[in-house]
Amino acid sequence: MADGSIGLWTVPLAVFGGAIRVSTPFLFVSLGECITERSGRINLGLEGTLVMGAMSAYGISYLSGSPWLGVLAAGITGALFGALHAGICSLPRVNDIAVGIALMLFGTGLAFYLGKPLIEPTAPRLPAIDFGWWSDTPQVRAALRINVLFLIGVAIAPILFWAFKTTRWGLLIRTAGESSDAARAMGYSVLWIRLRATMVGGFLAGIGGSFLSLFYPGSWNEGLSSGQGITAVALVIFARWDPMLCLWASLAFGGAAALGPALQSVGVTSGYHLFNAAPYILTLAIMIITCSPKRTLTGAPAELSITR
Amino acid sequence: MTADTADPDAAVGVAPAADAGFLQRYGATIEYILIPGAALVGALAVFGIFVALFGKNPLDLYFYMYQGAFGTWFSWQNTLTRAAPLILTALCTALPAQLGMVIIGGEGALLIGALSATSVALAMPWAPPLVVQAAMVCAGVIGGGLWITLSGALRQYRGVNETISSLLLVYIGLAVLNHLVEGLMRDPASLNKPSTREIGAANMIGSIPGTDVHWGLVFGLVAALASYILIYHTVFGFAARVAGGNIRAAKIVGLGVSKLILTICFLAGGAAGLAGMIEVAAVQGRTNANLAAGYGFTGILVAFLARHNPLAIIPVAILLGGISASGGLLQRRLGLPDASVLVLQGIIFVFVLASDALYGRIGFLKGKS
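Everything quoted here is computed from the prediction, not taken from an experiment.

Thresholds, definitions, all that
- Residues numbered from 1 in each chain as written.
- Chains lettered and ligands numbered in written order.
- Predicted model: local features only at pLDDT ≥ 70, side-chain atom pairs only at ≥ 80, totals over all residues.
- Contact = placed C-beta atoms within 7 Å.
- Helix = DSSP H or I, 4+ residues; strand = E, 2+ residues; numbered from the N terminus.
- Nonpolar A, V, L, I, M, F, W, Y, C, P; charged D, E, K, R; others polar.
- Axes fitted to C-alpha atoms, helices over the stretch in contact; angles between N-to-C directions.
- Parallel < 35°, antiparallel > 145°, perpendicular 65-115°, else oblique.
- Left-handed = near helix turned anticlockwise from the far one by under 90°.
- Core = buried A, V, L, I, M, F, W, Y, C linked by C-beta atoms within 7 Å.
- Buried ≥ 20, exposed ≤ 12 C-beta atoms within 10 Å, placed from the backbone.
- Domains from an automatic or database assignment.
- Expected span 1.5 Å × (residues − 1).
- Arc of directions from axis to C-beta.

Enquirer: Give a detailed account of the interface of chain A and chain B, specifying residues and quantitative values.
Expert: If you look at the interface, chain A gives 40 residues, while chain B gives 38 residues. Of all the elements in the fold, those that place two or more residues in the side of chain A that touches chain B are helix H4 (96–115), helix H10 (228–238), helix H12 (272–276) and helix H13 (278–290) of chain A. With 12 residues, H4 of chain A is the largest single contributor of residues to the side of chain A that touches chain B. For the side of chain A that touches chain B, the residue count by class is 28 nonpolar, 10 polar and two charged.

Enquirer: Can you break down the packing of helix H5 (residues 73–97) of chain B against helix H6 (residues 106–123) of chain B residue by residue, with the values?
Expert: To characterise two packed helices, one gives the angle between the axes of the helices and the distance between these axes. Residues and elements named next belong to chain B. Where H5 contacts H6, the two axes come as close as 9 Å, and the packing angle between them is 125 degrees. Judged by the angle between their axes, H5 and H6 are oblique. The handedness of the crossing between H5 and H6 comes out as right-handed. Touching Thr89, Cys92 and Thr93 of H5 are Gly106, Ala109 and Leu110, all from H6.

Enquirer: Give a description of the nonpolar core that names residues and reports values.
Expert: Residues and elements named next belong to chain B. Counting residues in each nonpolar core, the largest one holds 217 residues, and the members touching the most others are Ile87, Ala90, Leu91, Ala268, Val302, Ile313 and Ala317. Among the elements that make up this core, the one with the highest residue count is helix H12 (residues 257–284) (16 residues). Here this core spans two domains, and each of domain 1 (26–56 + 336–369) and domain 2 (60–334) adds at least three residues to it. In this structure, Ile87 is in contact with Gly220, Ala223, Ala224, Ile313, Ile314 and Ala317, ignoring residues within four places of it in sequence.

Enquirer: I'd like to hear about helix H9 (residues 190–214) of chain A, residue by residue, with values.
Expert: Taking 1.5 Å of rise per residue, 25 residues should cover 36 Å, and H9 of chain A covers 36 Å from first to last C-alpha, within 8% of that figure. Counting buried positions along H9 of chain A gives 23 out of 25 residues, so the element sits mostly inside the fold.

Enquirer: I'd like to hear about helix H15 (residues 327–334) of chain B, residue by residue, with values.
Expert: All names here are of chain B. Of the positions making up H15, those classed as buried are Gly327, Leu329 and Leu330. One face of H15 carries all of its buried residues, which in axial projection span an arc of 160 degrees. Where H15 is buried, its residues meet helix H4 (58–71), helix H14 (310–325) and helix H16 (340–354). Count one or two residues on from H15 and you reach Gly335, which has phi positive near 70 degrees.

Enquirer: Please give an account of the environment of Phe74 of chain B that cites residues and values.
Expert: All names here are of chain B. Relative to the elements of secondary structure, Phe74 occurs in helix H5. Since 11 C-beta atoms lie within 10 Å of it, Phe74 is described here as exposed. Distance from Phe74 to Ser116, taken between C-alpha atoms, is 32 Å for residues 42 residues apart in sequence.

Enquirer: Quick one: what's the story with the domain arrangement of chain B, residue by residue and with numbers?
Expert: All names here are of chain B. Here chain B is partitioned into domain 1 (26–56 + 336–369) and domain 2 (60–334). Taken together, the 15 residues of domain 1 in the interface contact 14 residues of domain 2. Those elements that place two or more of their residues in the side of domain 1 that touches domain 2 are helix H3 (20–53) and H16. Looking at the side of domain 1 that touches domain 2, its residues break down into 10 nonpolar, three polar and two charged.

What follows is the structure in structure tokens.
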């Protein structure tokens, strides 16, 4: 307890700050996965996409000196991985869950391979906006140093909600997800719709990865993402494929993930690893509570293999 | 001619020619070997191109891979030592696959199995080695088995997707292991690498006489053989395959689907837990974070490459064990990063899945040219 003035308030404050900071990758991955799953496919490979995004963002930021180019590179990498997933899945009799597992292993392996020379150097990071200028307490200021990517993610959620509801593209994606026959009858290629939806999903997940390496924790190493991608995929399921609920769920997850470091900062070190596993335990608990064997989940796209 | 146009299905059903009888009978088996084999060759070719992009000679790559995996007696022993846990973790994916379930949490079951086995061994320092070893096997199997049964039960009773829950349990298992190894079970003497106390040299299961390969390989072979018999030559296995093919049909004929799921998941997790026990009792001698070496994840690839057939898992595990055994040589001779093995595994996985599209489409295997 270095600063006695706010004492134990450090914990909720750090959890709040963490909710904003840690939730960003969850937010991007879950919004991306939301688009993909609404089109009737599940991409478990986003874990690999996240790590590849983190690696390529760090690499490009280091080489070009511009972190924003890194973010763009991460998005493009993610879109390419999405295209790979969709391309393999469009072959007959190929299971999308299995392809996701394969790309998860491939993505992490490739990122470790290409990222080997990037562990040492320091790349330019993304800037943060200081929303805590009014406060004198360093903890408050630290909690309110917010990254632009978080704000973009928060903005994407309602836009996506609106787009699913009212736009032509939203309707097409939902049609492909609810009934591929209907989409085909309307004269659209389901594979083509899903290819684009998976690519956009991968693009967002890649950007989520760039946040990991360019802002928080803000370096590239092989332990950067441990299951954040897969947690975000699970998060979409209990957010009922609703982008706004994805936003709230991501914030809750960020808070849970920040609990371990927050408690450590006030000197509670026992159970550190268990607190770090809080997001996974929370995911599992929420899935147990919200799922039911009797009925299919409300809001689930009918074509989704995971709910059948 | 008229028969063809009137009823093409019947025309296909007639055996076309005498020599095609062989293909008709064995065509499917040949396919099961030919297609994954072709996928493997394709993946190796792509990996060669990938390595060539970094200025390494692909021919050197293949040579050193062969050398490191199967070139010498030393590398064969290294390969077989790595194949042992792979056989067992592959069973963790392959057995539930008979029921149509995709379980990818073998790594978690391995860690929990290792932890349980170590705890039991440390709790009975007075017992003779054989008793300790038997207890470790039981603890490993039960620990890992219950861990995956949890995924199966959540799927059956709560409708939670087993793929996601089993993967989440990997991270939870790792957290539990780290928590205990750095806290309650920590050996105060282990400073840099927090570990439990050693189970003792007397309790190690040792090597097969005349080799450096530990007895874990025999455990793996026996488990694979037993799984094969269970799935293909018992009523229980038949019931499992029926339920995997059509769950509604299984319920209509009165199969206890819940019991099938829970039993299969227990056996699957038990196999991975046994792998953890072997890693402790034959290699590490204690539990620490080193155990999370990725055997559980490579096991998923082994299972898919073997098309979830327990017997086919044995050669595939040896092959993949060889690939990971050659990693060290690739690092030393070609200067490739250690992650190159992961990249190759990923490429193989992608190729194997994409090759699923080829089944039943190879013209000459259908008995008509």
